Amino acid sequence: MSTTLVWSSISVYVVIAIIIAYLSRSGDQKSMAGYFLGERKLNGFVSALSYSATTYSAFMLVGLAGLTYNGGVGGFGFEIIYFMGVSLVAIFGPRFWLVGKKYGYVTPSEMLGDRYQSKWVAIVTAISSCLFLIPYSAVQLTGIGYLLAGVTDGAISFTTGVVIATVLAIVFSYIAGIRSVAWTDSLQSLLMITTSTLVVIVIIVHLGGIDGFFDAIEAKDPQALAVPGNGFFNFWTFLGLTIPWFFFSISNPQVSQRLFMPASLKSMRHMLLGFLVFGFIYTIVSVVWGFSASVLFPDLENADLATPTLLSSEVVPPVLGVIVMVGIMAAAISTIDSILLTLSSLFSRDVYRNVTDQADDSKQLMVGKLVIPVIAVLAFLFAKLELDLIAVLSVAASSGLIVVVPAIIGSFFWKRGTAPGAISSVVLSSLLVIWIESTDGLLLGLKSGIWGLLTATLLFIVVSLVTEAPKQKAEEFTQYVRQNMRSSRS
Amino acid sequence: MNQKEKIWGLVILIIVFLGYFIPYAFLRDVTKWYGSFLIWSILAIIVIIANYYLAKNWGEEE
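Residues numbered from 1 in each chain as written. Chains lettered and ligands numbered in written order. Predicted model: local features only at pLDDT ≥ 70, side-chain atom pairs only at ≥ 80, totals over all residues. Heavy atoms only, no water.

Some remarks on the overall build of chain A
Quick reminder of the rule: Starting at the N terminus, helices and strands are each numbered in turn, a helix being any DSSP run of H or I of at least four residues and a strand any DSSP run of E of at least two. Throughout, the radius of gyration refers to the C-alpha atoms, and the reference size of a globule is 2.2 Å times the residue count to the power 0.38. Throughout, exposure labels follow a simple rule: accessible area from a 1.4 Å probe, protein chains only, divided by the maximum for the residue type, with under 20% read as buried, over 50% as exposed, and the rest as partly exposed. Whether two residues are in contact is decided by their heavy atoms: any pair within 4.5 Å suffices.
When you go through chain A residue by residue, the secondary structure sums to 23 helices and two strands. Whereas a compact globule of 490 residues would reach a radius of gyration of roughly 23 Å, chain A reaches 22 Å, a difference of no more than 12%. Counting only C-alpha atoms, chain A reaches 65 × 50 × 45 Å along its principal axes. Burial analysis of chain A (490 residues in total) assigns 66% to the buried set. The long-range share in chain A, meaning contacts at least 24 apart out of those at least 6 apart in sequence, stands at 85%.

Shown next, in the form of structure tokens:
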């Protein structure tokens, strides 16, 4: 793919995205809820596209394609189990939304801190999220680095790609907070779903239609259509990879924070269903890309190069290839800027506000904005390490985030849950996950995410049972949710 | 949880279980598109339908 074509397309994308981000500058920019939640007024259409763009990032079209390239249809199953986990939004989404509106929560950690009546719950869960989300942001940056280097045959270096992405993520986050992010997300979601589907059609036609596509896979490696296939997806690996991702929609704060944003429950319904349809198409597209690359280019050294190789090949027309490339880049950036905003809100709202006595809303916002570039630089430095496969690293980050799941579930469904239970489950399980990830990623044959969830659940229950629960708050909180759930749904 | 959440939540839980069980227990030797690829696609569509019913009446009185 010509380097000039790539640079020109990136320039066009940057100009259009900046214009859209500026156009989105309306309403309150000076409060935490205005800047980080869009005043809780996002409509269903923007919410759905923005939720999709935040969730589906470089991971899908680069990482999942790479995973399918390496392990066959197991990659599809892995993503479908994640997809099924989005159903948690159908259970927790309205509950988050209701309590967010009533108590004015800006972050999921703030909600936990208030529900368990302990600022330390908020501080600990916020720090834990920051710790694990920085590598996840780095994964997105790495994806862009590989992508640009791959499609231009190294003419644009890995580092240049990562620098461009870091700068753009900071710019979009700054322009209008979550509004600019949501609108640029929407632009890129529409671009992505259209162009990547077109690429699939082009590839399948090239391989002789749907029959030809599957025949080619069977001829090359029939095991790719079954699990465990070539052994990459043995059952325990599959389980270890899927468990953390199943809980992604409530464990990842940049995603669960979005449950506070829709203007109404009707908007949230559109967000959920729009996302599911979008996600299903996108999953199939990514998997078809991975399979196609394995048929057309079976000897790649690095599976994460499957997508760049496919896009720069003769099969895909250059103009279409470059549009998709820009779309993937935009997808990754939209995920990073959402994470930047969430992490900065976690830091300012849950850490800074709780350790200082006089942090009013405007001060919190100022600190949040100051923290954005700091987090971006940390992610940049992490990306420069060029660690491991994108998909595997993403899962490692999710394994760390899963430890907050028992405390979240408990906040809505278990009045007996306590602050010491939540804190011990998050702290000790996070340490365990870090220890497992820093050794060989397995303990007694099981991946860190499974251990993280098991120990967090056990600790949360046992420690809660031997400590005093905040009875009044628990009663008020759960009662409010119960009553309103009854009145808002039949 | 209300009655509807319990019923559809259970349906989704069963689907998730089948998402692990069927491909690894029954379809290991089916190296065709109508093996794991098809079953995961069908299960995903059932999940979309279950979510549709779960969210169907959200915010109706607003």
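Having put the structure on the table, let's press on.
Details of the nonpolar core
Residues and elements named next belong to chain A. Heads up, the condition is: Take the buried Ala, Val, Leu, Ile, Met, Phe, Trp, Tyr and Cys residues and link them wherever side-chain atoms come within 4.5 Å; each set so joined is a nonpolar core.
Grouped together as the largest cluster of nonpolar side chains are 184 residues, with contacts concentrated most on Y13 and W289. Counting residues per element, this core draws most heavily on helix α17 (residues 318-355), which supplies 18 residues. With near-sequence residues (within four places) excluded, W289 lies in contact with L61, A65, S196, V199, V200, I203, T307, L310, L311, V324 and I328.

Focus: the confidence of the model for chain A
Quick reminder of the rule: Each residue gets a pLDDT score, which is the predictor's confidence in that residue and runs from 0 to 100.
Per-residue confidence for chain A gives a mean pLDDT of 89; residues scoring 70 or more make up 97%. For chain A, per-element mean pLDDT is lowest for helix α19 (residues 390-401) of chain A, which scores 72, and highest for helix α20 (residues 405-413) of chain A, which scores 97.

Description of the interface of chain B and chain A
Basically, it comes down to this: Note on terms: buried area is the combined drop in 1.4 Å-probe accessible area of two parts once they are placed together, counting the loss on both. Note on definitions: salt bridges are taken to be side-chain nitrogens of Lys or Arg within 4 Å of carboxyl oxygens of Asp or Glu. Counted as a polar contact is a pair of N or O atoms within 3.5 Å, where, for protein atoms, one must be capable of donating a hydrogen and the other of accepting one, and residues adjacent in sequence contribute only when both atoms are in side chains.
Listed per partner, the contact involves 37 residues of chain B and 47 residues of chain A. Taken together, both faces of the contact between chain B and chain A bury some 3,800 Å²; the carbon and sulfur share is 69%. When residues of chain B are sorted by the area they lose upon contact with chain A, B:Y20, B:Y24 and B:W58 head the list and together hold 23% of the total. For the interface between chain B and chain A, the tally reads two salt bridges. Of the charged contacts, one joins B:K32 and A:E218 as a salt bridge, the two residues approaching to 2.9 Å between their closest N and O atoms. The interface formed by chain B and chain A includes six residue pairs in polar contact (both at pLDDT 80 or more).

Remarks on the packing of helix α8 (residues 119-151) of chain A against helix α21 (residues 419-438) of chain A
Residues and elements named next belong to chain A. In plain terms, the rule: Axes here mean lines fitted to C-alpha atoms, for a helix over just the part in contact, with angles spanning 0 to 180 degrees between N-to-C directions. Convention used here: angles under 35 degrees read as roughly parallel, angles over 145 as roughly antiparallel, angles from 65 to 115 as roughly perpendicular, and any remaining angle as oblique. Should the near helix be turned anticlockwise from the far one by less than a right angle, the crossing is termed left-handed; should it be turned clockwise, right-handed. Residue classes follow a fixed rule: Ala, Val, Leu, Ile, Met, Phe, Trp, Tyr, Cys and Pro count as nonpolar, while Asp, Glu, Lys and Arg count as charged, and any other residue, Gly among them, counts as polar.
Interhelical geometry of α8 versus α21 gives an angle of 20° and a closest axis separation of 9 Å. Comparing their axes, α21 and α8 come out roughly parallel. Classified by chirality, the crossing of α21 by α8 is left-handed. The residues of α21 that touch α8, namely those facing W120, V121, V124, T125, S128, L131 and F132, are A419, A422, I423, V426, V427, S430, V433 and I434. Among the residues making up the contact of α8 with α21, the classes are represented as 12 nonpolar, three polar and no charged.

Let's talk about the packing of aromatic side chains
What characterises a pair of aromatic rings is the spacing of the ring centres plus the angle enclosed by the ring planes. All names here are of chain A. Quick reminder of the rule: Put simply, two rings from Phe, Tyr or Trp (the six-membered ring, in Trp's case) pair if the centres are within 6.5 Å, and we call them stacked under 30 degrees between planes, edge-to-face over 60, tilted for the rest. The rule is short: NZ of Lys or CZ of Arg within 6 Å of the ring centre and within 35 degrees of the ring normal puts a charge over the ring.
By the definition in use, this model includes 40 aromatic pairs over all chains. Aromatic side chains F233 and F238 sit 6.2 Å apart centroid to centroid with 75° between the ring planes, which places their arrangement in the edge-to-face category. Classification of F233 by relative accessible area gives buried; the value is 0%. With a relative accessible area of 0%, F238 lands in the buried category. Aromatic rings pair up to connect F92, F96, Y103, Y105, F260, F412, F413 and F477 into one cluster. Above the ring of Y103, the side-chain terminus of K102 is found at 5.4 Å from the ring centroid. Above the face of the Y480 ring, K102 is positioned so that its terminal group lies 4.9 Å from the ring centre.

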